[in-house]
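Spelled out, the chains give:
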Amino acid sequence: MQAMSPERTHPVVLIVAGNDPSGGAGIQADIQAVTAMGGHPAPVITALTVQDTVNAYEVSPVEAGLVVRQAEAVLDDLPVAAIKIGLLATPQIAEAVASLLSAIPDIPVVLDPVLYAAGGAHLAQQELLSVLRDSLFPRTRLATPNALEIRAFAGHLPDNDARAMEFVKWGCDFVLIKGADEDTDDVHNLLYDKKGEIEHCTWSRLPHTYHGSGCTLASAIAALLAKKHSVPAAVRQAQRYTYEALRNGYQPGSGQHVPHRFFHLPEHHH
Ligand code: PLP
């Protein structure tokens, strides 16, 4: 019997993101979420960070050419079915990734425009915003900004509807605005396509603050796109998965909680 192709069994997700040594966010969150959704994660590291579960203290970017060579090695060998982009750290890395993407126009890109650590520290410089907007948004199938991030790009506009349409104007096909960082009783996540809002998901607010929720969600979506789900279906399923991971989360250090991204597997207690 012929072996099933990796496209069918473990679709490959190229992940472009930074390392969080506390293990809550960044590339480890991405690897775990893609794996949990049945994908094969191919992690390309853009930066080392110094951080714990309270905040981030340092970002040390990888040289842009080395980021590109990591991604090219993967793209030359593995059938990449979706791409998740998280922390890009510098305008040089963002430009290099954008030009790499122009050679592979058909692979869907989920872009989490990471600007801040959950503890509030800046993870990106101001110039990165304009490179994201001008060079990466035009290549983005789905952008997943939180409230703080969407205001950083489009805060001059009065409301989320207008801000989402600005992202569409800049080239994103879909925009998921995440509301966990808004001061509301429940959490409202809004999905837009080019014409306007198409889904409104409301989640009851969980009692803690979390490290790595955005990474988990964006990577789960990318894995589902790699499995050929539509964007709205992938967003719906990935939100349910992330909510369950957060509900089953735990506090590994003295700061934020982290999602339990394998909550669905049996626990082994001794
Ligand atoms: N990527 C890296 C490397 C990070 O350190 C962080 C946050 O600290 C993030 C992404 C974004 O994390 P979150 O999923 O909490 O938005």
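As the structure is a prediction and not an experimental result, all values here were calculated from the model.

We now examine the site of the ligand. Within the structure, the ligand sits among 14 residues, and Gln 51, Gly 212, Ser 213, Gly 214 and Cys 215 are positioned closest to it. Between the ligand and Gly 214 there is a distance of 2.9 Å, counted from an oxygen atom to a backbone nitrogen or oxygen. In the environment of the ligand, an oxygen atom lies 2.8 Å from a nitrogen or oxygen atom belonging to the backbone of Cys 215. A majority-of-atoms criterion places the ligand in the largest pocket. Per element, the largest residue contribution to the shell around the ligand is 3 residues, and it comes from helix H8 (residues 213-226). Residues belonging to the shell around the ligand are distributed by class as follows: 7 nonpolar, 7 polar and no charged.

What you tend to see is this: most non-glycine residues have negative phi, and most peptide bonds are trans. Even without glycine at this site, Ala 89 takes up a positive phi of about 70°. If you trace the backbone, Ala 89 turns up in the loop between strand S4 (80-85) and helix H4 (91-102). By relative accessible area, Ala 89 is classed as buried at 5%. Although it is not a glycine, Lys 228 sits at a positive phi angle of roughly 75°.

Next up on the list: a nonpolar patch on the surface. A contiguous nonpolar patch, built from Val 50, Val 54 and Tyr 57 and spanning about 270 Å² of accessible area, is present on the exposed surface. Relative to the helices and strands, Val 50 is located in strand S2 (residues 40-51). By relative accessible area, which is 40% here, Val 50 ends up partly exposed.

Reading across from one edge, S3-S2-S1-S4-S5-S6-S7-S8-S9 is the order of the 9 strands in this open sheet, with mixed pairing throughout. Both edges of this open sheet fall to strand S3 (56-61) and strand S9 (196-204), since each of them pairs with a single strand only. Two strands pair when backbone bridges link them, and strand S7 (residues 174-177) and strand S8 (residues 186-193) are joined in this way by 3 bridges, in the antiparallel orientation. Bridging from a neighbouring strand, Ile 177 pairs with Leu 190 of S8. Most of the contacts of helix H7 (residues 160-169) go to S8, to which it runs at about 40°, and overall it touches strand S6 (142-143), S7, S8 and S9. Sheet contacts for H8: strand S1 (12-19), S4, strand S5 (109-111), S6 and S7; angle to S4, the most-contacted strand, approximately 165°.

Rules of the game
Numbering of residues starts from 1 in every chain and runs along the sequence as written. Reporting of local features is limited, given that this is a predicted model, to residues whose pLDDT is at least 70; pairs of side-chain atoms are given and counted only at 80 or more, and all residues count toward the totals for whole chains, interfaces and linings. In computing side-chain values, all of the structure's heavy atoms are included and hydrogens and water are not. Proximity criterion: a residue is near a molecule or strand once any of its heavy atoms comes within 4 Å of it. Here a polar contact is recorded for every N or O atom pair within 3.5 Å, except that within protein the pair must consist of a potential hydrogen donor and a potential acceptor, and residues adjacent in sequence are included only if both atoms are side-chain atoms. Using a 1 Å grid laid over the protein atoms alone, points where a 1.4 Å probe fits but cannot get out form a cavity; open sets with protein on both sides within 12 Å along at least 5 of 7 lines form a pocket; any residue with an atom within 4 Å of a point counts as lining. Criterion for pocket placement: a molecule counts as inside a cavity or pocket if more than half of its atoms are within 2 Å of its grid points. A run of H or I in DSSP counts as a helix once it spans at least four residues, and a run of E counts as a strand once it spans at least two, with each numbered from the N terminus. Lys, Arg, Asp and Glu make up the charged group, whereas Ala, Val, Leu, Ile, Met, Phe, Trp, Tyr, Cys and Pro make up the nonpolar group; the residues left over, Gly among them, are polar. Burial classification: accessible surface area is computed with a 1.4 Å probe over protein chains only, and a residue below 20% of its type maximum counts as buried, one above 50% as exposed, and the rest as partly exposed. For patches, a residue must show more than 30% relative accessible area and have no salt bridge; joins then use 9 Å for like charges and 5 Å for nonpolar side chains, namely Val, Leu, Ile, Met, Phe, Trp and Tyr. The accessible surface values rely on the Shrake-Rupley method and a 1.4 Å probe; as for residues, cover is taken only from the protein chains in view. Put simply, a salt bridge is a Lys or Arg side-chain nitrogen that is within 4 Å of an Asp or Glu carboxyl oxygen. When DSSP finds two or more bridges between two strands, those strands count as paired. Two residues qualify as a contact provided that any one of their heavy atoms is within 4.5 Å of a heavy atom in the partner residue. Convention adopted: a line fitted to C-alpha atoms gives each axis, helices being fitted over their contacting stretch, and angles between N-to-C directions are expressed from 0 to 180 degrees.

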